[in-house]
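Examining the three-dimensional arrangement
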Amino acid sequence: GPTRDNIAFFTWHTLEERPRCLDDPDLGIHGYVRLQKSGVRLHYVKAGDDSKPLMVLLHGLPEIWYSWRHQIAEFQQDYRVVAADMRGYGESDKPAGRRAYRMEYLVEDIRELIEAFDSTSCVLVGHDWGGCVAYNVAMEYPHLVDRLVVMECPVIDPAGMNLFKHCYKHPGQFFKLAFQFLVHLPFLVELVFKSFDFSGLHTTFRGELTGSKTPGAITDEDFEVYKYYFSKPDPMAITGPFNYLRANLVTIPLQDLGGEKVTAPTLLLWGEKSFLGVAMAEMSRPFVPNLSLRVVEGASHWVQQDRPAVVNSYMREFLQQ
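Residues numbered from 1 in each chain as written. Predicted model: local features only at pLDDT ≥ 70, side-chain atom pairs only at ≥ 80, totals over all residues. Heavy atoms only, no water.

**Some words on the pairing of strand β2 (residues 41-47)**
- For β2, a buried count of six out of seven residues is recorded, marking the element as mostly surrounded by other parts of the structure.
- The pairing of strand β1 (residues 29-34) with β2 spans six bridges and is classified as antiparallel. Counterpart to R34 in the pairing with β2 is R41.
- Here β1 folds back onto β2 in antiparallel fashion, the turn holding six residues, of which G39 has a positive phi close to 80 degrees.
- Across four bridges, the pairing between β2 and strand β4 (residues 80-84) is antiparallel. Following the sheet pairing, K46 is matched in β4 by V82. (Buried < 20%, exposed > 50% of the residue type's maximum accessible area, 1.4 Å probe, protein only. Helix = DSSP H or I, 4+ residues; strand = E, 2+ residues; numbered from the N terminus. Pairing = 2+ DSSP bridges.)

This is the structure:
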């Protein structure tokens, strides 16, 4: 990875060459859908027969559709799998301004995406911020979600009180989440993220605190996929993803829950060695009555990339119930 000895703080490079694995035909075909309500164009990769039930995969920060490569390979025999680039990411549109990333717009994106595939409902799967959006879709449009799978994301109440209470009981967790509060400082997070030729991105996926716990789980080529998109000259290539935090940090979900709950059967997967801490998973129970929690042994926050075989087996077991 980048070293501070030979790379200046204000030096970063655009990765010009598109990594070949992005166009691996075994992972499906690339497509776009233009959303009617917002005009935003979302990019997706689709694999599996159109006659199969729909499975929609929503990635987290800082990822793209490719973070689901192992699940696309696993489930395309039984599902029509659609892995989206969320707005602000990858090859999807990146609207300017933090307001464009408020939760209600993200939820509408996914509602339209599901309906664009002429499906009345789907299995909805989300990791990290994708999980946050997935919870909200399941609450707002319960008829669209047959089963919900969330990884590494709790339900946070509208005032954020359950998060603050959790951090009060687990002070170490507050410091691990402190970066989410620093994100409100304009430009600073973007600068640190790409300093020393994207050392922030490298630390996220491979660092001691937040990085993958399985050697080789995120290969050099996998890392280059993320760098390829986040290093693009468009300033929104980094600002768009961080605007998820800026637009929604205090109130996740933005909808007033007012007793609203996720009615769909829900599987919550959590990495045993995640920097978020397994105790945080319990925050979801009051909002998700039909919740099954599985802890993935030895896995980091990047659970579906770290331990794909275990994650896939837990998913398959849940989906067959």
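Once you've had a look at it, read on.
**Quick look at the nonpolar core**
- If you look at the biggest cluster of nonpolar residues, it comprises 104 residues, and the most contacted ones within it are M55, L124 and M315.
- Per-element accounting of this core gives the leading share, eight residues, to helix α3 (residues 129-140).
- Leave out the neighbours within four places in its chain, and L124 touches V56, L58, I110, A134, V137, V145, R147, L148 and V149. (Core = buried A, V, L, I, M, F, W, Y, C linked by side-chain atoms within 4.5 Å. Contact = heavy atoms within 4.5 Å.)

**Considerations on the sheet that holds strand β8 (residues 291-296)**
- Ordered by their spatial adjacency, eight strands build an open sheet running β1-β2-β4-β3-β5-β6-β7-β8, and the pairing between neighbours is mixed. Only two strands of the sheet have a single partner each, and these edge strands are β1 and β8. Here the strands of the sheet are splayed against their neighbours by 20 degrees on average, with no regard to which way each runs.
- Direction of pairing for strand β7 (residues 266-271) relative to β8: parallel, over a ladder of six bridges. Bridge assignment links L267 to a residue of β8, and that residue is S292.
- On the sheet, helix α2 (residues 103-116) packs against β1, β2, β3 (54-58), β4 and β5 (122-127) and is oriented at approximately 150 degrees with respect to β3. (Axes fitted to C-alpha atoms, helices over the stretch in contact; angles between N-to-C directions.)

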